[in-house]
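# Structure at a glance
The primary structure of each chain is shown beneath.
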Amino acid sequence: MAADDDRLDRLEQRIAALEDQIAIYQLLMTYGPSADSGSDDVVRAIHHPGAEYDSGLDVFRGGGQIGDMIASFPLHRDIMAGGSAHLATMPVVHVDGDRATALCHGQLLRFDREADAFRIWRATAVRLEFRRTGEGWKIYRRANRLLDGSDASHQHFRDGLADVGAVPAQTVPAEAVPAEAPAGPAGPAGSAGPAG
Amino acid sequence: MAADDDRLDRLEQRIAALEDQIAIYQLLMTYGPSADSGSDDVVRAIHHPGAEYDSGLDVFRGGGQIGDMIASFPLHRDIMAGGSAHLATMPVVHVDGDRATALCHGQLLRFDREADAFRIWRATAVRLEFRRTGEGWKIYRRANRLLDGSDASHQHFRDGLADVGAVPAQTVPAEAVPAEAPAGPAGPAGSAGPAG
Amino acid sequence: MAADDDRLDRLEQRIAALEDQIAIYQLLMTYGPSADSGSDDVVRAIHHPGAEYDSGLDVFRGGGQIGDMIASFPLHRDIMAGGSAHLATMPVVHVDGDRATALCHGQLLRFDREADAFRIWRATAVRLEFRRTGEGWKIYRRANRLLDGSDASHQHFRDGLADVGAVPAQTVPAEAVPAEAPAGPAGPAGSAGPAG
């Protein structure tokens, strides 16, 4: 029976990992429709009380203030009134116990009635952190950077790739290693890839 | 053995829930490539015979008529001939037995040869319903609303958030509760959130 | 115990199938942030050594050459320097043992500083193949076709729908069946649909 119990334990852990992944997908994708519809109650519910949202234009601290932004921040209300779509691509997610990181692209579309079209006002590199609470996973950190070609925007995505474990551990930039130095220890094989 | 059977039953249910979630992802994401390529056979196959598709411009009733729209509706054929991309964001999904609801953003991009670019002609709030049949999950209802800043468009997403259980049950708008009234019973803790 | 072992085996297989699906999601969604940030090391890590990437403009052969494209291909470096977003929609995925196919939409957005907006330079039909290796799933083939309304672009998505098993097996085009011929045998019920 012990062997079976072990097997069941392992299956349970794998199922729990899949459930975490899906829960974080759902959590992130709930934000856009909430922002577009002014649903500050939903936005409060999906954020951690200690959350921080750095939109790249402004920083909002605490789930309450992030909810207030949706409810009454003039720029957000203007964007909503004119017609908006807050889009996110499917994120790459990395769960580690009760914490998780993710990265994706964000877009903010604004309706242009005269052009009969939507303009992509902002396309951003998005880094996220999540925390598991007694009420499920919550958004803990979000930071967007405009993809304007700047080094900072590139670095933001680069840092996000490291957050989710996508940067191969064994990569050592050539210029960082003196020619005479011995090679550093390689990372454990297959430890890091997003497809591992 | 009974204890193990119970445990296996519970694991099986959790796996089935994950499979349902993935099946609905696949089903929804099959629509765009089918619409862009004029694959009316696929569109028929992914819709319920009793399906209804309200594009926000027209309403199509029955899986057969929705397939006919792809095959021969003049506006759709014009859009396809000019070059189109029917996009959907990853949906938020709520499964309840043999029924499911979802919401996401839709976009309809049209190629502009002179501009060497695509124009976002429509960006929409999308609400969906699915039904499980003997041949798997099928799209049962889809309703798109242009995100033009109208109250109706905001309400469409708001209703969709309620459909998927994202609106906190305990939310009572201040103006709806007389100052002297006792507080209503709170919803069950953690019952509703998308991250629950 | 044998009955329980069988049941555990079946559950394990279903979990493994879900894990494959998620691994392929993660793999594909890692590409865009890597391309936008010039992370050629990540791009090399997520591609199979024998990979081929047909962007619709150029063909790159081998994981090494695809990494080189990110690191030094003039067009890619220009796009990055000006501000880019390489977007993909959530893919439809079909796993078959150690191979998998997928299809999705791709977009390449470029920043236009004067317009304070992003232009969708390319929106494409994307077909993909994956291979399972000792280091997890890798991208093996990717082919993008501009959604310019051409028959070839429509056929690309149509072929992708067939790749992932979304085209109903029992579909027989009317013109292919002589009026006096008996109807062909129907495909096995529920064999093909993406929601099966």
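Not measured: the values here are computed from a predicted model.

A tally of helices and strands in chain A yields five helices and seven strands. Going residue by residue from the N terminus, the α and β elements of chain A occur as α-α-β-β-α-α-β-β-β-β-β-α. Of the roughly 8300 Å² of accessible surface on chain A, 49% is carried by carbon and sulfur atoms.

When the parts of a complex come together, some accessible area is lost, and that lost area is often used as the size of the interface. With 50 residues of chain C at the interface, the matching set in chain A holds 39 residues. Carbon and sulfur atoms supply 64% of the area that chain C and chain A bury against each other, a total of about 3700 Å² over both sides. Per-residue buried area on chain C facing chain A is highest for Leu8, Gln26 and Phe118 of chain C; these three make up 17% of the total on that side. Summed over the shared surface of chain C and chain A, the result is five salt bridges.

Relative to chain A, chain C is turned by 120° and slid 0.0 Å along the rotation axis, the superposed coordinates differing by an RMSD of 0.0 Å. As the rotation angle and translation indicate, the two copies are arranged about a three-fold axis. Among all residues of chain C, the minimum C-alpha distance to the rotation axis is found for Met90 of chain C, at 3.5 Å.

A few words now on the pattern of salt bridges. Under the defined criterion, the tally for this structure stands at 39 salt bridges over all chains. Between Asp5 of chain A and Arg7 of chain B there is a salt bridge, with the nearest N and O atoms lying 3.8 Å from each other. Remark: Arg7 of chain B occurs in helix α1 (residues 2-36) and Asp5 of chain A occurs in helix α1 (residues 2-36); the pair is interchain, linking two chains. Among the residues examined, Asp5 of chain A registers a relative accessible area of 31% and is labelled partly exposed.

Turning our attention to helix α5 (residues 151-163) of chain C. Residue and element names in this part refer to chain C. In this model, α5 (13 residues) spans 18 Å end to end at C-alpha, consistent with the 18 Å of a helix rising 1.5 Å per residue. Looking only at α5, the buried set comprises Ser153, His154, His156, Phe157, Gly160 and Leu161. Summarising the axial view, the buried residues of α5 lie within an arc of 155°, below the 170-degree limit, and thus occupy one face. In α5, those exposed residues whose orientation departs by more than 90 degrees from the buried face are Asp151 and Ala152. Directly after α5, the chain includes Gly165, whose backbone phi takes a positive value near 80°.

We now examine helix α4 (residues 74-82) of chain B. Along an α-helix, residues three or four apart share an orientation, since each turn contains 3.6 residues. All names here are of chain B. Within the span of α4, buried status applies to His76, Ile79 and Met80. One face of α4 carries all of its buried residues, which in axial projection span an arc of 95°. For α4, exposure combined with an orientation more than 90 degrees from the buried face picks out Pro74, Asp78 and Ala81.

Okay, the environment of Gly38 of chain A next. Residue and element names in this part refer to chain A. As for its placement among the helices and strands, Gly38 is situated in the loop between α1 and α2 (40-46). A residue is classified by how much of its surface remains accessible, and Gly38, at 16% relative accessible area, is buried. Here the alpha-carbon distance between Gly38 and Leu109, two residues 71 residues apart in the chain, equals 15 Å. Excluding residues that lie within four positions of it along the chain, Gly38 makes contacts with Ile70, Arg77 and Met80.

Looking at chain A, pLDDT values average 89 and 85% of them are 70 or higher. Across residues 176-196 of chain A, confidence stays below pLDDT 50; counting only partners more than four residues off in sequence or on other chains, it has 19 contacts.

Glancing now at the packing of aromatic side chains. This model, assessed by the stated rule, comprises 12 aromatic pairs over all chains. Ring geometry for Tyr31 of chain B and Tyr53 of chain B: centres 6.0 Å apart, planes at 75°, overall edge-to-face. Pair noted here: Tyr31 of chain B is in helix α1 and Tyr53 of chain B is in strand β1 (residues 47-54), with a separation of 22 residues, a long-range link. Accessibility expressed as a relative area gives 6% for Tyr31 of chain B, which makes it buried. When the centroid spacing of 5.0 Å and the interplanar angle of 45° are considered together, the rings of Phe111 of chain C and Phe118 of chain C count as tilted. Taking the relative accessible area as the measure of exposure, Phe118 of chain C reaches 6% and is therefore buried. Through pairs of rings, three or more aromatic residues link up here, namely Tyr31, Tyr53, Phe60 and Phe73 of chain A. In this arrangement the basic side chain of Arg131 of chain B is found over the ring face of Tyr140 of chain B, its NZ or CZ atom lying 3.9 Å from the centre.

Criteria and thresholds
Residues numbered from 1 in each chain as written. Chains lettered and ligands numbered in written order. Predicted model: local features only at pLDDT ≥ 70, side-chain atom pairs only at ≥ 80, totals over all residues. Heavy atoms only, no water. Helix = DSSP H or I, 4+ residues; strand = E, 2+ residues; numbered from the N terminus. Areas by Shrake-Rupley, 256 points an atom, 1.4 Å probe, with all protein chains shown as cover. Contact = heavy atoms within 4.5 Å. Buried area = accessible area lost by both parts, 1.4 Å probe. Salt bridge = Lys/Arg side-chain N within 4 Å of Asp/Glu carboxyl O. Least-squares fit on C-alpha atoms with pLDDT ≥ 70 in both. Buried < 20%, exposed > 50% of the residue type's maximum accessible area, 1.4 Å probe, protein only. Expected span 1.5 Å × (residues − 1). Arc of directions from axis to C-beta. pLDDT = per-residue confidence, 0-100. Phe/Tyr/Trp six-rings, centres within 6.5 Å; stacked < 30°, edge-to-face > 60°. Lys NZ or Arg CZ within 6 Å of the ring centre and 35° of its normal.

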